[in-house]
Number of protein chains: 2
Amino acid sequence: MRRIDQIEPFRVMQLLERAKELEAEGQKIIHMEIGEPDFPTPPSVIEAAKAALDSGDNYYTPSTGNPKLQKALSQWYLGEYGVAVAPERILITPGTSGAFSLIYATLLEAGESVLLSDPGYPCQRNFIRLAGGEPLNIPVSPETRYHLSAGLIEHHWKAGTRAAVVINPSNPTGTLIDDGELKKVADSCRRLGGYLISDEIYHGLTYGAKARCALEFSDDAIIVNGFSKRWAMTGWRIGWVIVPDSLIDACRRVMQNIFIAAPTLSQYAAIRALAASDEIEVMRRAYDERRSYLLSELPKLGFDIVVEPQGAFYIYANVSRLTDDSRSFCWQMLEKAGVAITPGEDFGSYRSDQHVRFSYATGLEDIREGVDRIRRYLSLATK
Amino acid sequence: MRRIDQIEPFRVMQLLERAKELEAEGQKIIHMEIGEPDFPTPPSVIEAAKAALDSGDNYYTPSTGNPKLQKALSQWYLGEYGVAVAPERILITPGTSGAFSLIYATLLEAGESVLLSDPGYPCQRNFIRLAGGEPLNIPVSPETRYHLSAGLIEHHWKAGTRAAVVINPSNPTGTLIDDGELKKVADSCRRLGGYLISDEIYHGLTYGAKARCALEFSDDAIIVNGFSKRWAMTGWRIGWVIVPDSLIDACRRVMQNIFIAAPTLSQYAAIRALAASDEIEVMRRAYDERRSYLLSELPKLGFDIVVEPQGAFYIYANVSRLTDDSRSFCWQMLEKAGVAITPGEDFGSYRSDQHVRFSYATGLEDIREGVDRIRRYLSLATK
């Protein structure tokens, strides 16, 4: 099979298309399938972008990013996690998508592999295949809070494995990895001669717990993060990756070619965003309120939430009590109840038939309406 | 050798770093090495971006782009070239860098090859290597106006060759391919069962001639273009690629993963840019004036311009009368005359020792000063 034929579409896109058809017919659809903040970008960031537009600087930045943004992020790491990161180790990318393309292009040779959790973020598999590598999808379950553990990594690591990816908090499960386990995972990757790649894009969107940066445990972890989620800046396409000194030169060469540089205006906006802590706290509290509501209501409807999600804006629910085919279940829910949620198959194949993902990046009023609709639909369906 | 070790840095970056050192010491350096417009983005585009910021839409667009921009480009193709292109064939990318990453990820399997001109745009080789492919660098000379010809393509095409790339006008030579030859090139690629990839990023920056779109000759050519050069929008990272219907689905799958989408704000700005023809004509005339000046002065100093460049903002000069080592020549020019130009080695290996590239994306006053400095330096050096 040609590489391109291994690149899977997001299956939820078909569901989204059908949702749009129904909306075009006049139906209101409740969207709990989308992994994008419903909040607009904070006003202070918008104002900073306008000021940057007035400055007349619309030119390329250096490939590795605007040095002011690198420096601001370096200071931010000290304040946020108490870790010292030299600015030149912080490479500015077009979103975390760009960060992953960069990392796999730099690390992988044809046929080399990367350990991923199943379920996990579906693009990971495709980034790795596009770089000529092999994704090794490791089933994870509630016992490890749906995360790769040191034990799983030691067990599945093989010749040619270059890295293991931890998404913390996880997409789709919203669960945090145990702090002690994160340290062990970092130690295992180092011992095995590879890299820990810590996807921290949902950091800051945590509730009653704090996600730890992998750099707190391992100086050579590769950190991927960005402004899309916590700062509600998806359309700006701005993220970063922190690499060990030994990878900076290789990454710079790749960046000069595949990006030239990240968007200039977005980089100015990002500098301001780092100071927008009050504005992002308002969003975090709203997510938390929605999460609490769903955590209390969904189990009553038959959705089992085995590990409490403490981060991101996702709830990964076991639907075994309701169906043995989560895909059909989601389609029925859309057609009969007008509620869109994502079937497990978009995140892997391990027990995907038994799971769905709810996103609460949608206003609380809509979420309440969605829950009411699901309740009505299920009570009819089970009669 | 690992793939990453085959990715070459831009050698001119070292020269640029040295130039910055000299500037830090108080020297004025004349920059004729940089391939980035010196003009700021047109004011009407800046205003459109501010309006977009006020609209509150900072969310992802569809992966293939904002449908309004696709439609605007479709109409633009009709006006600019008289070719009808369905909007859904126009895929919006983060710059042409993104467009090339996308195309090679979609087309190539490990070991498959792409024909490139030597000299040519250096990133091409690296895009292809990063996709696991093999760049076939074909020496081109003044006889074909430094372009791949149908004859060269027929001669060098081999099993596993998937495409040939024509950069028209060319970087580094600024030359246009002959219209009849472009048609023959398109015919050859089709006959050989592969694709013509036409890099048209310098379209519109032509002087006394017009570059033809490859779609005028072949409906299945792949067109790469963007807003960076003609519209002076480098930092916005916004471009596009036109693909045949048969490639849309595969490209969309790749785009969903590697980009999610191009920057939202830049897409709004781009829609406005397409109506900024007066503003871009002012820039084109300024480039033309600079070009005329250099075309009259450089030959007097010993730089041979074998084929008149009619496009882009580059002049590719043969320096055989002045040196047999263009790299040392450029370094000496920087150190002794304070003028930065790019040695041929950045664009390939064929006769690169005998060539340098002048960029006139620099104000005319500086260019005059540069020519004066070169004259003084050469008259001293040859005494």
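For the structure itself, look to the data block above.
Cut-offs applied
- Residues numbered from 1 in each chain as written.
- Chains lettered and ligands numbered in written order.
- Predicted model: local features only at pLDDT ≥ 70, side-chain atom pairs only at ≥ 80, totals over all residues.
- Heavy atoms only, no water.
- Axes fitted to C-alpha atoms, helices over the stretch in contact; angles between N-to-C directions.
- Helix = DSSP H or I, 4+ residues; strand = E, 2+ residues; numbered from the N terminus.
- Parallel < 35°, antiparallel > 145°, perpendicular 65-115°, else oblique.
- Left-handed = near helix turned anticlockwise from the far one by under 90°.
- Contact = heavy atoms within 4.5 Å.
- Nonpolar A, V, L, I, M, F, W, Y, C, P; charged D, E, K, R; others polar.
- Phe/Tyr/Trp six-rings, centres within 6.5 Å; stacked < 30°, edge-to-face > 60°.
- Buried < 20%, exposed > 50% of the residue type's maximum accessible area, 1.4 Å probe, protein only.
- Lys NZ or Arg CZ within 6 Å of the ring centre and 35° of its normal.
- Pairing = 2+ DSSP bridges.
- Salt bridge = Lys/Arg side-chain N within 4 Å of Asp/Glu carboxyl O.
- Expected span 1.5 Å × (residues − 1).
- Arc of directions from axis to C-beta.

Colleague: Hey, could you run me through the packing of helix H8 (residues 245-258) of chain A against helix H5 (residues 122-130) of chain B in this one?
Modeller: Helix-helix packing is characterised by the crossing angle of the two axes and by the distance between the axes. Interhelical geometry of H8(A) versus H5(B) gives an angle of 110 degrees and a closest axis separation of 9 Å. What the angle tells us is that H8(A) and H5(B) run roughly perpendicular. For the pair H8(A) and H5(B), the crossing hand works out as left-handed. Between H8(A) and H5(B), the contacting residues are Val254(A), Gln256(A), Asn257(A) and Ile258(A) on the first element and Cys123(B), Asn126(B), Phe127(B) and Leu130(B) on the second. Looking at the contact of H8(A) with H5(B) residue by residue, the class counts come to five nonpolar, three polar and no charged.

Colleague: Sorry if this is basic, but what is going on with the packing of aromatic side chains here?
Modeller: Think of a pair of aromatic rings as described by two things: how far the centres are apart, and how the planes are tilted against each other in angle. Applying the stated criterion across every chain yields a total of 40 aromatic pairs over all chains. For the pair Phe303(A) and Phe329(A), a centre-to-centre distance of 6.0 Å together with 65 degrees between the ring planes defines the contact as edge-to-face. Here the residue Phe303(A) occupies a position in the loop between helix H10 (277-301) and strand S9 (314-318), and Phe329(A) occupies one in helix H11 (residues 326-337), the gap between them amounting to 26 residues. With respect to class, Phe303(A) is no different from Phe329(A); both count as buried. What links up through ring pairs into an aromatic cluster is the set Trp76(A), Tyr77(A), Tyr81(A), Phe227(A), Trp231(A) and Trp240(A). It is Arg368(A) that lies over the ring of Tyr293(A); its NZ or CZ is 4.8 Å from the centre. The lysine or arginine in question, Arg230(B), covers the ring of Trp231(B), its NZ or CZ lying 5.3 Å from the ring centre.

Colleague: Could you clarify how one ought to interpret the pairing of strand S7 (residues 222-226) of chain B in this entry?
Modeller: Taken residue by residue, a regular strand's side chains alternate between the two faces of the sheet. Residue and element names in this part refer to chain B. Burial within S7 is extensive, with five of its five residues counted as buried. Residues Ile222, Val224 and Gly226 of S7 are buried on one face, and the alternating residues Ile223 and Asn225, pointing to the opposite face, are buried as well. Pairing of strand S6 (residues 195-199) with S7, which is carried by three bridges, proceeds in the parallel orientation. Of the residues in S7, the one forming a bridge with Asp199 is Val224. Across four bridges, S7 lies against strand S8 (residues 239-242) in antiparallel orientation. Counterpart to Gly226 in the pairing with S8 is Gly239.

Colleague: Can you walk me through the pattern of salt bridges in this structure?
Modeller: Side chains carrying opposite charge are able to pair once their charged atoms draw close together. All names here are of chain B. Applying the stated rule across the entire model yields 63 salt bridges over all chains. Of the charged contacts, one joins Glu134 and Lys158 as a salt bridge, the two residues approaching to 3.3 Å between their closest N and O atoms. Residue Glu134 is found in strand S4 (residues 134-139), and its partner Lys158 is found in the loop between helix H6 (150-156) and strand S5 (161-167); the two are separated by 24 residues along the sequence. The partly exposed category is assigned to Glu134, whose relative accessible area is 31%. Taking the relative accessible area as the measure of exposure, Lys158 reaches 39% and is therefore partly exposed. Put simply, Arg291 and Asp288 hold a salt bridge, and the shortest N to O gap is 3.0 Å. Of this pair, Arg291 and Asp288 both sit in helix H10 (residues 277-297), separated by three residues, roughly a single helical turn.

Colleague: Just checking my understanding: could you explain helix H1 (residues 12-24) of chain B for this structure?
Modeller: Since the α-helix packs 3.6 residues into each turn, any two residues three or four apart lie on the same face. Residues and elements named next belong to chain B. The terminal C-alpha atoms of H1, which comprises 13 residues, lie 18 Å apart, in line with the 18 Å expected from a rise of 1.5 Å per residue. Among the residues of H1, those classed as buried are Val12, Leu15, Leu16, Ala19 and Leu22. Along H1, the residues classed as buried sweep out an arc of 115 degrees about the axis, all on the same side. Exposed side of H1, more than 90 degrees from the buried face: Gln14, Glu17, Lys20 and Ala24 are the residues found there. Here the buried face of H1 lies against strand S1 (30-31), helix H11 (326-337), strand S10 (339-340) and strand S11 (342-343).

Colleague: Can you walk me through the side chain of Thr96(B) in this structure?
Modeller: Looking at the element boundaries, Thr96(B) is found in helix H4 (residues 95-107). With residues up to four places along the chain from it excluded, the contact list for Thr96(B) reads Ile201(B), Val224(B), Asn225(B), Gly226(B) and Gly239(B).

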